Amino acid sequence: MSVTVCKRNPSAGRVKLFLSYSPPVRSQKTGNAVYEEDLPVFIYEKPSDGRQLTFNTMSMARADNICDARRRSIERGEIKLYQSEIELVEFYKSIVINQKYNYTAAFEEFKRFAGNNVPFNIVTKEFVESYKEYLLDAPAAKRKTPLEHNTAHIYFSQFRFVLYKAFEAEYLEENFKESVKSIGLITEYHTRLSDNDLRKLISTPYLYEEIPRICCFILLTGLRFSVVTSLKWENIVSCGKRSYINRTLQRTHRHEKLYISQEALSYLGTPKKQGKVFKYLGYAAMNKHLQSWVHEAGITKKVNFEDFRRSLYTLKCYY
């Protein structure tokens, strides 16, 4: 059982505080499950002076005191856990809400398997094993092919974590995380393009010339396919004989300059003032064109766009 102080998205420079209950508690007024409780306190998002810093410190202390009081009330039985009607799907949802990692896809896959109502009393080792088999054999939601093995591994690992949290909360008597084995992870071996492979590709003209241009640009810069296809002319700056890409890193939001060679610059085409550098038809269509180009070059390896980024080559690319 955990009660934690959490923060909502800031509004007008203020951040509201609330308590998060996992598993949920029963509302004394309505009897419904309560996952969150708004607190009558806030903090300043960016305190501008000593007064606001002191205010934030006092607000957090007050929130922690309320959190401790709620936790003691639960331990004394004054606040009841929402335990009598709670079932696995509802408990799973509470985990999804509170996890910083994305559990949503795995949660939706479990609901497709079990439905929206799974009482804890039917959750047995056989039930868990049957879900494991389902993940290994069942088609994915948006296509008719089965889930990839490593995707099934991730979904089942997250499910075992949910079962462990349910065991900790005493909803389950057996720790299935120990009694049911995980789905093994398959190590992927990426294609390495040789000098000869690259020369074959670059010397093979292709009707949709955007594909060779994108691949050569990836090869010379090491940028990901998603970054290259989202590249805009506004991001490219030329200073004399030197050129660089102005970009913001997605994870850290840090700005950086990525200098590129004149050779890489030549694959961008005729400069424009604004707009996308490369036409993007969607990953499926682009990949289909790539496979067609690879086939025409007489290469039998399985090749994707990331293989150009991984190749530690700086060949001069002409086609």
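From a predicted model like this one, the values you see are computed outputs, not experimental measurements.

This part covers the pattern of salt bridges. This model, assessed by the stated rule, comprises 12 salt bridges. A salt bridge links Arg-8 to Asp-38, with the nearest nitrogen and oxygen atoms 2.7 Å apart. With Arg-8 in the loop between strand S1 (2-7) and strand S2 (14-26) and Asp-38 in strand S3 (residues 33-44), this pair connects stretches of sequence that are 30 residues apart. Its salt-bridge partner being Arg-224, residue Glu-306 comes within 3.4 Å of it at the nearest N-O pair. Of this pair, Glu-306 sits in helix H12 (residues 305-310) while Arg-224 is found in the loop between helix H8 (210-221) and helix H9 (225-229), placing the two residues 82 residues apart along the sequence. A network of salt bridges, in which partner residues are shared, links Arg-8, Glu-36 and Asp-38.

This part takes up the confidence of the model for the protein chain. Detail in the predicted coordinates should be disregarded across regions flagged by low pLDDT. Across the protein chain, pLDDT averages 84, with 90% of residues at or above 70. The least confident element of the protein chain, judged by mean pLDDT, is H12 at 82; the most confident is helix H1 (residues 50-75) at 93. Across residues 313-319, confidence stays below pLDDT 50; counting only partners more than four residues off in sequence or on other chains, it has 24 contacts.

Here we take up helix H3 (residues 104-114). Considered for burial, the residues of H3 that qualify are Ala-106, Phe-107, Glu-109 and Phe-110. End-on view of H3: buried residues confined to an arc of 160°, all on one side of the axis. The secondary structure elements touched by the buried residues of H3 are helix H2 (88-98), helix H4 (125-137) and helix H5 (149-168). Once H3 ends, the next one or two residues include Gly-115, with phi positive near 90°.

Let us look at the sheet that holds S1. What the 3 strands build is an open sheet, ordered S1-S2-S3; its pairing is antiparallel. The sheet is open, and its two borders are formed by S1 and S3, each paired with just one other strand. Averaged over neighbouring strand pairs, the angle between their axes works out to 20° when direction is ignored. With 6 bridges connecting them, S1 and S2 associate as antiparallel partners. Within S2, the residue paired with Val-3 across the bridge is Tyr-21. Seen against the sheet, H1 touches S1, S2 and S3 and runs at an angle of roughly 160° to S3. Contacts from H2 reach S2 and S3, with the element oriented near 155° to S2.

Right, let's talk about unusual backbone geometry for a bit. Located in the positive-phi region is Ala-12, a residue other than glycine, with phi close to 55°. Note that Ala-12 resides in the loop between S1 and S2.

Moving on, we get to the packing of H8 against helix H11 (residues 283-296). At a closest axis distance of 10 Å, the pairing of H8 and H11 adopts a crossing angle of 90°. Relative to H11, the element H8 lies roughly perpendicular. The residues of H11 that touch H8, namely those facing Ile-211, Pro-212, Ile-214 and Cys-215, are Met-286, His-289, Leu-290 and Trp-293. Looking at the contact of H8 with H11 residue by residue, the classes come out as 7 nonpolar, 1 polar and no charged.

Okay, the packing of aromatic side chains next. As enumerated under the stated definition, the model contains 27 aromatic pairs in all. Ring geometry for Phe-91 and Tyr-171: centres 5.3 Å apart, planes at 75°, overall edge-to-face. On the criterion of sequence distance, the pair formed by Phe-91 in helix H2 and Tyr-171 in the loop between H5 and helix H6 (176-179) is long-range, its members being 80 residues apart. Judged by relative accessible area, which is 1%, Phe-91 ranks as buried. Overall, Tyr-171 belongs to the buried group, its relative accessible area being 10%. Across the ring face of Phe-18, the terminal group of Arg-8 is positioned such that the distance to the ring centre comes to 4.1 Å. Sitting over the ring of Tyr-259, Arg-242 keeps its end group 4.3 Å from the ring centre.

Rules used throughout
- Residues numbered from 1 in each chain as written.
- Predicted model: local features only at pLDDT ≥ 70, side-chain atom pairs only at ≥ 80, totals over all residues.
- Heavy atoms only, no water.
- Salt bridge = Lys/Arg side-chain N within 4 Å of Asp/Glu carboxyl O.
- Helix = DSSP H or I, 4+ residues; strand = E, 2+ residues; numbered from the N terminus.
- pLDDT = per-residue confidence, 0-100.
- Contact = heavy atoms within 4.5 Å.
- Buried < 20%, exposed > 50% of the residue type's maximum accessible area, 1.4 Å probe, protein only.
- Arc of directions from axis to C-beta.
- Pairing = 2+ DSSP bridges.
- Axes fitted to C-alpha atoms, helices over the stretch in contact; angles between N-to-C directions.
- Parallel < 35°, antiparallel > 145°, perpendicular 65-115°, else oblique.
- Nonpolar A, V, L, I, M, F, W, Y, C, P; charged D, E, K, R; others polar.
- Phe/Tyr/Trp six-rings, centres within 6.5 Å; stacked < 30°, edge-to-face > 60°.
- Lys NZ or Arg CZ within 6 Å of the ring centre and 35° of its normal.

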